[in-house]
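Fold and contact review
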Amino acid sequence: MYFDKPGIQTRQRNAVSDADGKFTLSNALNPKVLIDVTKAGYRSIEIKEMNSTDALQPITFLQILTITGTVTDAQTHKPIAKFTLMPGGAWSAQQRFVERDRFVPGVDGHYSINMRWSYPQVWVHIEASGYLPADSRIFTTEEGMVTEDIRLEPAANIVVKVLLPDGAPAAGATIYLGSATGSSIYLDDTLPKQAKYP
């Protein structure tokens, strides 16, 4: 449990629950505190507001949501040999995002990912070279273990020739990619890359 939160003052920074699952925090200097609670094998509880009181306050862990499935070509139905899987999350319908820094490489048309985070809704986002990206359905935190098969539609590559003002080829020009919504586009399954004209 962690208590290092901006604006929160406490003389006790962490605690470990006992055999009955209980813990006590002493000398809280605020009427309310925000806590994070973690335990191996369960979803993390993040930014949980607790009252400074002697009354027992229950906190309940949820199972880790595990999503597995296949990724295939929508036309040939063959497994896609290499693709990138990224978790998506939402606090509300207006606050949807994809966590590209938590990517998982997919191989031979199969994937599995553990959703350990405490978002109310989650999904998986799939990208593969030569295909349009795709999202799974939205999952709730209570589903536990689910299977979701995803089919990717083939897409043509973007071929561009960069020219100088006099019409000559612009060798060595650096191209930065982005989507129409302003979000980054990843060129492989590791980090954002720059495309260079040869």
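Each remark here, short or long, concerns the structure printed above.
Conventions and cut-offs
- Residues numbered from 1 in each chain as written.
- Predicted model: local features only at pLDDT ≥ 70, side-chain atom pairs only at ≥ 80, totals over all residues.
- Heavy atoms only, no water.
- Core = buried A, V, L, I, M, F, W, Y, C linked by side-chain atoms within 4.5 Å.
- Buried < 20%, exposed > 50% of the residue type's maximum accessible area, 1.4 Å probe, protein only.
- Helix = DSSP H or I, 4+ residues; strand = E, 2+ residues; numbered from the N terminus.
- Contact = heavy atoms within 4.5 Å.
- Salt bridge = Lys/Arg side-chain N within 4 Å of Asp/Glu carboxyl O.

**Comments concerning the nonpolar core**
- Of all hydrophobic cores here, the largest spans 20 residues; its most connected members are Ile-67, Tyr-111, Met-115, Val-124 and Leu-152.
- Of all elements in the fold, only strand E3 (65-73), strand E4 (82-90), strand E7 (110-115), strand E8 (121-127) and strand E12 (150-152) reach the threshold of two or more residues within this core.
- Not counting residues within four places of it along the chain, the set of residues in contact with Tyr-111 comprises Ile-67, Thr-68, Gly-69, Thr-70, Val-71, Phe-83, Leu-85, Val-124, Glu-148 and Ile-150.
- In terms of nonpolar packing, the next biggest core, distinct from the first, is built from 5 residues, Val-33, Val-37, Ile-45 and Met-50 among them.

**Remarks on unusual backbone geometry**
- If you check the backbone angles, His-77 has positive phi at about 65 degrees while not being a glycine.
- Secondary-structure assignment places His-77 in the loop between E3 and E4.
- Phi is positive for Asp-108, close to 55 degrees, though the residue is something other than glycine.
- Tracing the backbone through its elements, the reader meets Asp-108 in the loop between strand E6 (104-107) and E7.
- Given a relative accessible area of 52%, Asp-108 falls into the exposed group.

**Quick word on the environment of Thr-76**
- For Thr-76, the position within the fold is in the loop between E3 and E4.
- Along the chain, Thr-76 and Pro-154 lie 78 residues apart, while their C-alpha atoms are 10.0 Å from each other.

**Things to note about the pattern of salt bridges**
- Enumeration over the complete set of coordinates arrives at 4 salt bridges.
- Among the ionic pairs, Glu-127 bridges to Arg-100, the shortest N-O distance being 2.8 Å. Here Glu-127 is found in strand E8, whereas its partner Arg-100 is found in the loop between strand E5 (96-98) and E6, with 27 residues between them in sequence.
- Among the charged side chains, a salt-bridge network with shared partners connects Arg-137, Glu-143 and Glu-148.

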